[in-house]
There are 2 protein chains.
Amino acid sequence: VRVGSGARARLIEELLAEPPGARLFLIADDNVARLHGRSLAAELRDRGLDAELLEFPAGEASKTRATKQVLEDRLFELGAGRDCAIVAVGGGVTCDLAGFVAATWHRGVPLVHVPTSLLAMVDAAIGGKTAVDLPGGKNLVGAFHQPEAVYADVDLLSTLPDAYFVEGLAEVVKSAVIGDASLFREMESSAERLLARDEEWLERVVLACATLKGRIVRRDERETGRRAVLNFGHTVAHAVETVSNYTVRHGHAVAYGMCVESRLAVDATGFPERHRGRLERLLESLGLPTGRDSQFSVEAIVAATHRDKKVRRDRVRYALPRRIGRMLPGGQAAIVVDDADLEAALRATG
Amino acid sequence: VRVGSGARARLIEELLAEPPGARLFLIADDNVARLHGRSLAAELRDRGLDAELLEFPAGEASKTRATKQVLEDRLFELGAGRDCAIVAVGGGVTCDLAGFVAATWHRGVPLVHVPTSLLAMVDAAIGGKTAVDLPGGKNLVGAFHQPEAVYADVDLLSTLPDAYFVEGLAEVVKSAVIGDASLFREMESSAERLLARDEEWLERVVLACATLKGRIVRRDERETGRRAVLNFGHTVAHAVETVSNYTVRHGHAVAYGMCVESRLAVDATGFPERHRGRLERLLESLGLPTGRDSQFSVEAIVAATHRDKKVRRDRVRYALPRRIGRMLPGGQAAIVVDDADLEAALRATG
């Protein structure tokens, strides 16, 4: 993982020095293609590389088997063989979708991530999870496929719309809660600098999150145990996303999910009530939602948790912190919570 | 890999003793479902396991992203979580298709193979390759996903139509050429016993082929080098299948492909002309094609080799034997052959 302003320039030099494939296929949504993808592809071609850009319509609605199929048909038309490599340029949707294309094209070709959103830099581009959504649930079909390299250039974040930037901060807060208490304290004291997209601060944050996630994932690539800690806030978040038919943004759902699940943690793990308050205040100061959107009923959210793909034998499990910066140790990361307790936490939150 | 008559009974006992998933989803085409799948699912349910059978229309035409999608939608409807396992019951198409479903459902769930064709027992069920076809080419989208277990019950072969049985013999001959000279000699002297589906002989053959392939694949799971030897006969076979729009059966294409490629080997590796003759005679004695179907032109076959997914920088590579039972050593397994030499070999063959 290369982090920092200037990572884009480094990407080009490193692709030239050691191309991951005889031909490079960049995949980007049409927004990112306009902002970054076309110029990157043109520059690579100018420097003598065989690079093509494939575009798809921006938005989570594109993260489907149908879009994957369109991209594959295009790869076939362009004669992409097993010696090609995929360069995913974009946010979380592109990481997951283009990553899954790379995972299965000719049974797997090399993948390079160029995340262009904060969410992708701190989360989606790290860890090798790829997937598409099904009409009924997120990420139900996918694969584990580790990228050869990740180039996180915080300069690219300057073009990111506010809502997208802020939702990325939710995953940064999650990282801090699950494993970096000092990052959490720094965010509490410098929320404004972060919201102003201070470059130095962004580098610090992206590096801390990517490193933490990389460390967790290396120990548990296929999510058999320890990796589960990354799911803090996500059980409720996925339920809200399902109920909203994916109109709620992922980061917003995660922020609200952390508020609810930190309440569960107070009872289940002894997570200090004071820490729960700090978490809620930090999220608020970053402009993230801490209460339930009243158009989604408590009952619907509870029901939706049972459709989560991590549910085993209908018992819903939660990855809960013990305190800020500290999760329950490995094997205990997945705690079963009753529907009644979840319902109480949902009603108490916002 | 469990081989032998009685493997079906063992399958049931072992699934009961140590179920690979909380719920089992059997996948079979409608023919195999009628012959074996429904009774197997019923028996598993009778013994207390949670087992469902998913059917799809028989035939290579079903090995598509569309069929995969239908099966996935069905898994979702049935509430299949990440704690389920897939049991693939059928021939090569089912191995590849159901294997690919298992490889990507919730980013990979356990897979058990119950091959019901000779081709699947000696080849498709072994080695972890899964895939679907694209309109323009075979196996272009897929994944490596090793099965937890393979149960090859030769008793099931009694219901296999002749054409399917005989095409499986082509892969058996290929195994013998690439790594088992004594199996080749035994086949030469006992072709009739094999065609009569002598059970003891079938066990010997299936065990030998599955063991050989397993040994090769273990050394090179992701086909970076040594595994390429398995492709003897297959470069031409894939071209013929493409040209015929997949109306030629895979085993038939492989038999013809071996005839052509063994001619290439005479020049390229010093494969003895006498061995080439033995190979051709053995294929003939088994009722396999050794000449070109005149409806497919030499030119079209040559052109189609360039669409093979193993082609790198437009140079077509062949895995060629040095003698019966012996391939070129690892790194040299992929030999580049000019179009002119291929054309000559195609014209000389039948």
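Predicted, not measured: the structure shown is a model, and the values here were computed from it. (Residues numbered from 1 in each chain as written. Chains lettered and ligands numbered in written order. Predicted model: local features only at pLDDT ≥ 70, side-chain atom pairs only at ≥ 80, totals over all residues. Heavy atoms only, no water.)

(A) Seen up close, the overall build of chain A. Scanning chain A from N- to C-terminus turns up 14 helices and twelve strands. Dimensions along the principal axes, computed over C-alpha positions, put chain A at roughly 60 × 40 × 35 Å. Counting every position in chain A, which comprises 350 residues, the buried fraction comes to 61%. A sequence separation of at least 24 residues applies to 76% of the contacts in chain A between residues at least 6 apart. Carbon and sulfur atoms make up 46% of the accessible area of chain A, which amounts to about 13100 Å² in all. Here chain A contributes 46 positively and 49 negatively charged side chains, and the mean placements of these two sets differ by 5 Å. (Helix = DSSP H or I, 4+ residues; strand = E, 2+ residues; numbered from the N terminus. Buried < 20%, exposed > 50% of the residue type's maximum accessible area, 1.4 Å probe, protein only. Contact = heavy atoms within 4.5 Å. Areas by Shrake-Rupley, 256 points an atom, 1.4 Å probe, with all protein chains shown as cover. Lys, Arg positive; Asp, Glu negative; His and termini not counted. Charge placed at Lys NZ, Arg CZ, Asp CG, Glu CD.)

(B) Local environment of the packing of helix H11 (residues 250-268) of chain A against helix H12 (residues 273-285) of chain A. All names here are of chain A. Interaxial distance between H11 and H12 falls to 10 Å at its minimum, and their mutual angle equals 175 degrees. Considered as vectors, H11 and H12 are oriented roughly antiparallel to each other. Residues Ala255, Met258, Cys259, Ser262, Arg263 and Val266 of H11 pack against Glu273, Arg276, Leu279, Glu280 and Leu283 of H12. A per-class count over the contact of H11 with H12 returns six nonpolar, one polar and four charged. (Axes fitted to C-alpha atoms, helices over the stretch in contact; angles between N-to-C directions. Parallel < 35°, antiparallel > 145°, perpendicular 65-115°, else oblique. Nonpolar A, V, L, I, M, F, W, Y, C, P; charged D, E, K, R; others polar.)

(C) Layout of the interface of chain B and chain A. At the junction of the two partners, chain B supplies 34 residues and chain A supplies 34 residues. Here chain B and chain A share an interface that buries about 3200 Å² over both sides, 51% of which is from carbon and sulfur atoms. Considering only the surface of chain B that becomes buried against chain A, Phe76(B), Arg82(B) and Arg107(B) emerge as the three largest contributors, covering 28% of it. The tally of links from chain B across to chain A stands at four salt bridges. Taken together, the links from chain B to chain A amount to twelve residue pairs in polar contact (both at pLDDT 80 or more). Mapped onto the side of chain B that touches chain A, the elements with two or more residues apiece are helix H3 (65-77), helix H4 (92-104), strand E6 (129-134) and strand E7 (137-144) of chain B. (Buried area = accessible area lost by both parts, 1.4 Å probe. Salt bridge = Lys/Arg side-chain N within 4 Å of Asp/Glu carboxyl O. Polar contact = N/O pair within 3.5 Å; in protein donor to acceptor, adjacent residues only side chain to side chain.)

(D) Spotlight on the sheet that holds strand E4 (residues 84-90) of chain B. Residues and elements named next belong to chain B. Ordered in space as E1-E8-E5-E4-E2-E3, the six strands form an open sheet in which the pairing is parallel. Where the open sheet ends on each side, the last strands, each with one partner, are strand E1 (2-3) and strand E3 (51-56). Examined bridge by bridge, E1 and strand E8 (residues 149-152) share two bridges and lie parallel to one another. Bridging across to E8, Val3 finds its partner in Ala152. Across the sheet, helix H1 (residues 7-17) lies against E1, strand E2 (23-29), strand E5 (111-115) and E8, angled at about 150 degrees from E8, the strand it touches most. Against the sheet, H3 contacts E2, E3 and E4, and its axis sits at roughly 155 degrees relative to E3. (Pairing = 2+ DSSP bridges.)

(E) Structural view of unusual backbone geometry. Non-glycine residue Asn139(A) carries a positive phi angle of around 55 degrees. When you line up the elements, Asn139(A) lands in strand E7 (residues 137-144).

(F) Up close: the relation of the copies chain B and chain A. Of the transformation superimposing chain B on chain A, the axial component is 0.0 Å and the angular component is 180 degrees, with the fit at an RMSD of 0.0 Å. Taken together, the rotation angle and the small translation identify this as a two-fold axis. Of all interface residues in chain B, 100% are interface residues in chain A too; the two copies therefore contact each other through one and the same surface. (Least-squares fit on C-alpha atoms with pLDDT ≥ 70 in both.)

(G) Inspection of the confidence of the model for chain A at higher detail. Scored by pLDDT, chain A has a mean of 92; 96% of the residues are at 70 or more. Reported confidence for the predicted complex is 0.90 by ipTM and 0.91 by pTM. (pLDDT = per-residue confidence, 0-100.)

(H) Seen up close, the pattern of salt bridges. Residues and elements named next belong to chain B. Enumeration according to the criterion identifies 52 salt bridges over all chains in this entry. A salt bridge links Asp123 to Lys213; its shortest N-O distance comes to 2.7 Å. Highlighted residues: Asp123 in helix H5 (residues 118-124) and Lys213 in helix H9 (residues 199-219), separated in sequence by 90 residues. Take Asp123 and Lys213: they sit in the same class, and that class is buried. Glu280 is the partner of Arg263 in a salt bridge, and the nearest nitrogen-oxygen pair spans 3.9 Å. With Arg263 in helix H11 (residues 250-268) and Glu280 in helix H12 (residues 273-285), this pair connects stretches of sequence that are 17 residues apart. The class of Arg263 is partly exposed, set by a relative accessible area of 21%.

(I) Up close: helix H7 (residues 181-189) of chain A. Taken together, the buried positions of H7(A) are occupied by Leu183(A), Phe184(A) and Met187(A). Projected down its long axis, H7(A) carries its buried residues within an arc of 105 degrees, all on one side. (Arc of directions from axis to C-beta.)

(J) View of the sheet that holds strand E5 (residues 111-115) of chain A. Residue and element names in this part refer to chain A. Taken together, the six strands give an open sheet; going across it, the order is E1-E8-E5-E4-E2-E3, and neighbouring strands pair in parallel fashion. At either end of the open sheet lies a strand with only one pairing partner, and these are strand E1 (2-3) and strand E3 (51-56). Strands in contact with helix H3 (residues 65-77) are strand E2 (23-29), E3 and strand E4 (84-90); relative to E3, the strand with the most contacts, it is inclined by about 155 degrees.

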